[in-house]
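# Summary of the model geometry
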Amino acid sequence: MELTRRDIRRHLHAVLAMVCSLLCTAAPLSSYSQAAGRQPGISQKEIPEEVLYIVTDRDIYISGEDVYLKAYCLSRQTHQPSGLSRVAYVSLLDRTSNPVVRIKIWLNGQSGSGKFTIPDTLRTGNYIISACTHLMQNFSPDLFAARKISVINPFLKIDHIEIGPQKSIPAADARDTVTEPGVHQEDYEAAAGMAVCRIQTDKATYQPREKVRVSVNSSSNDGKPVVSEFVLSVTRSFAYDKTNRNITAGSFSPHGPGDDDPGKTLTGNNIYLPEPEGHLVTGTVYNTVTGEPVTNETMVLSVVGKTALCRFCKTDENGAFYFIVNESGKQEIVIQPLNPELKELYVELNDPFPEEYSKTDPGQFFIDTTMLKEINKAVVGTQVQALYKPLADTVTNSRKEESVRDFYGDSRYEVSVADYIELSSLSEVFKELLPVVFTDVKRGRNRLALDNNSPEEKFLSDPFVLVDGVPVSDHDALLKISPSGVEKIKILNSRYYVSDICLTGIIDLRTVKGNFRLEGIDLPALRQEFEAPLSGSEFRSPVYLTDIQKQSRIPDLRNTLYWNPDLGTNPDGTAVAEFFTSDEPGDYVIIAEGFTSDGQQIRSVAGFSVTHR
């Protein structure tokens, strides 16, 4: 059964009660707004908030490249999975703390991953990746997770950038101190609160398009193996800058602000709700004539496509609605009233991203003249990869998505129209193939009706009719659809209950295109493209297992060779990964970063080289 507003309210109040005793006596969900505002008199110190930690595949990027990232959502006190939020809101901020890119990513368990593309309009310089959950927006933005990256745009002037000799030693150059081939650990790995992590490659030097085998071992400070989950990325040495990986003060400390910090008092009239069950889509419905909110009316959110995904919610006394969405990626959604008699409405959706960010200065970017040759190669490689990206044989590292079912479960009847001879009209399709559906005339218009699965009862109201997942009340217009454009029809000829809502049967029609582009059917109150959270960060890299693949003339000039955000060790603390080198000789860096099962941080860096034969 679908969660309704009443179910959401009951569940969220229970969750909030665990977070803070103050919220046990909070007002009903209907009094809260997802817009700006916070509960008056709540101190940051009174709520044990969750915390995000951000990991990226690299530190330095070329404009137009993808940034792969992972967000860990943990309890600030224990570093165990928070469990309060399923969505992280990630923003790329410029020097004035204005967002230039924004994405949402799913948090499954303790973490989630995603990616975004750096706009080619950004100037060369440093930028901040800021991340928070919905619940974290009740606190100072200074407590959001922050991660600095650097961007090089070779097509815009860099007069504002300082250029000079090398300012720091890249990780790959530290291999002179390595006692074992392919192994290197930086000094910070032995810091308090961090487990020991060691990276080892099977060789120290490789040829182009050769397989690299990497093993990662995590253990406690006393040498005992520990299970861990971490990110493993492999990138060119120029793209690694240890200084960018410093955690912003307050974003991942065990207690937030210092012990002597009294905390800032949050002011306002409302709070931001957590999202333990999915992504909250909220907004308000207004009457276009009066401008007044539409109260106590059932609204339906549906996703356009070949799967029926509908949510139901009743607006509160302020016309506000709250839907829980669990879809991923770019979707097209429709929000409209369940009652077809309600007309002249418009819907305002709330923006779930923060209204303000910490005023963090990312500092001046410094171009190291000793790395100019590597940077020039990376610029060329970025352009070449953009041309040949779709052509190479690749393997993918990404999360597997669960199969999605229709919201109503199993249908009683199902017909694939193409399996039968072509009929002249949709009315003929129902008559010949689905006799439980019939048409009659009501108020001078054709309407669809259903025979009840219980013979002793008759449906007194119209069935819930869907086309490509969208509720349609104009049956006349629906019956004008050509049967050749219909792929499948599903029928549920029994009552379906969603809390106090009763649907008197369901007719679910899917077109061949599945895009709800139908002539003559009125547009609902709101129909727009919607960015749902990303379910993972799909990464593709070439494989060179055969001689044909190795001799391919498609160039391979990747700047990131490998990215796996979900690598975990077995009980003996070991994990293994394999990938192939590119055509580009030079120094490369392997970075492992994550957490053990008991909440200790792990971070390690190793290097290897690629040389021509």
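In what follows, the structure referred to is the one given above.
What counts as what
Residues numbered from 1 in each chain as written. Predicted model: local features only at pLDDT ≥ 70, side-chain atom pairs only at ≥ 80, totals over all residues. Heavy atoms only, no water. Pairing = 2+ DSSP bridges. Helix = DSSP H or I, 4+ residues; strand = E, 2+ residues; numbered from the N terminus. Axes fitted to C-alpha atoms, helices over the stretch in contact; angles between N-to-C directions. Buried < 20%, exposed > 50% of the residue type's maximum accessible area, 1.4 Å probe, protein only. Arc of directions from axis to C-beta. Contact = heavy atoms within 4.5 Å. Polar contact = N/O pair within 3.5 Å; in protein donor to acceptor, adjacent residues only side chain to side chain. 1 Å grid on protein atoms, 1.4 Å probe; cavity = no way out; pocket = protein on both sides within 12 Å on 5 of 7 lines; lining within 4 Å. Points joined across faces, edges and corners; volume = space filled by probe spheres on them. Nonpolar A, V, L, I, M, F, W, Y, C, P; charged D, E, K, R; others polar. Salt bridge = Lys/Arg side-chain N within 4 Å of Asp/Glu carboxyl O. Core = buried A, V, L, I, M, F, W, Y, C linked by side-chain atoms within 4.5 Å.

Strand order in the open sheet made by the four strands is β18-β17-β20-β31, with antiparallel pairing throughout. Both outer strands of the open sheet, β18 (310–314) and β31 (526–531), are each paired with one neighbouring strand and no more. The sheet shows a mean angle of 25 degrees between the axes of neighbouring strands, taken without regard to direction. The sheet contact formed by strand β20 (residues 330–337) and β31 spans six bridges and is antiparallel. Bridge pairing in β31 links Val334 to Arg527.

Turning next to unusual backbone geometry. In this structure, Arg209 is a non-glycine residue whose phi angle is positive, near 60 degrees. Mapped onto the secondary structure, Arg209 falls in the loop between β12 (205–206) and β13 (211–219). Note on Arg209: relative accessible area 8%, which makes it buried. Of note, Phe516 is a non-glycine position whose phi angle comes to about 50 degrees, a positive value.

Among all positions of helix α3 (residues 426–433), only Leu426, Val429 and Phe430 are buried. One face of α3 carries all of its buried residues, which in axial projection span an arc of 95 degrees. Where α3 is buried, its residues meet β25 (437–442), β26 (445–450), α4 (475–478), β29 (486–498) and β30 (501–511).

Within the secondary structure, Tyr61 is located in strand β3 (residues 60–62). Other than its neighbours up to four places away in sequence, Tyr61 contacts Thr56, Asp66, Val67, Tyr68, Ile118, Ile149, Ser150, Val151 and Ile152. Here the side chain of Tyr61 touches Arg58 through a polar contact of 3.1 Å, landing on its backbone nitrogen.

So, about the layout of surface pockets. Roughly 1,100 Å³ of internal volume is contained in the largest pocket. Lining the largest pocket are 35 residues; nearest its centre among them are Asn339, Pro340, Glu341, Ser473 and Asp474. Residue composition of the lining of the largest pocket, by class: 17 nonpolar, seven polar and 11 charged.

It is worth spelling out the pattern of salt bridges at this point. A complete count under the given rule lists 32 salt bridges for this structure. The closest approach of N and O atoms between Lys306 and Glu487, which form a salt bridge, is 2.9 Å. Placement of Lys306 in the loop between β17 (298–303) and β18 and of Glu487 in strand β29 is noted, with a sequence separation of 181 residues between them. The class for Lys306 is partly exposed, based on a relative accessible area of 34%. For the salt bridge of Glu593 with Arg603, the shortest nitrogen-to-oxygen distance reads 3.5 Å. You can see Glu593 sitting in strand β35 (residues 586–596) and its partner Arg603 sitting in strand β36 (residues 601–610), a full 10 residues away along the chain. For Arg603, a relative accessible area of 9% corresponds to the buried category. The structure contains a network of salt bridges with shared partners spanning Asp406, Lys490, Asp508 and Arg510.

Residues Leu52, Leu92, Phe116, Ile129 and Ile149 are the most contacted members of the largest nonpolar core, which totals 34 residues. Broken down by secondary-structure element, the contributors of at least two residues to this core are β2 (50–56), β4 (66–75), β5 (87–93), β6 (99–106), β8 (125–132) and β9 (145–152). Take this core: its biggest share by element is six residues, from β5. Not counting the four nearest positions on each side in its chain, Phe116 is found in contact with Glu65, Asp66, Val67, Leu69, Leu92, Val101, Ile103 and Ile129. Formed by 29 residues, the second largest nonpolar core is a distinct cluster that contains Val415, Val429, Leu448 and Ile481.

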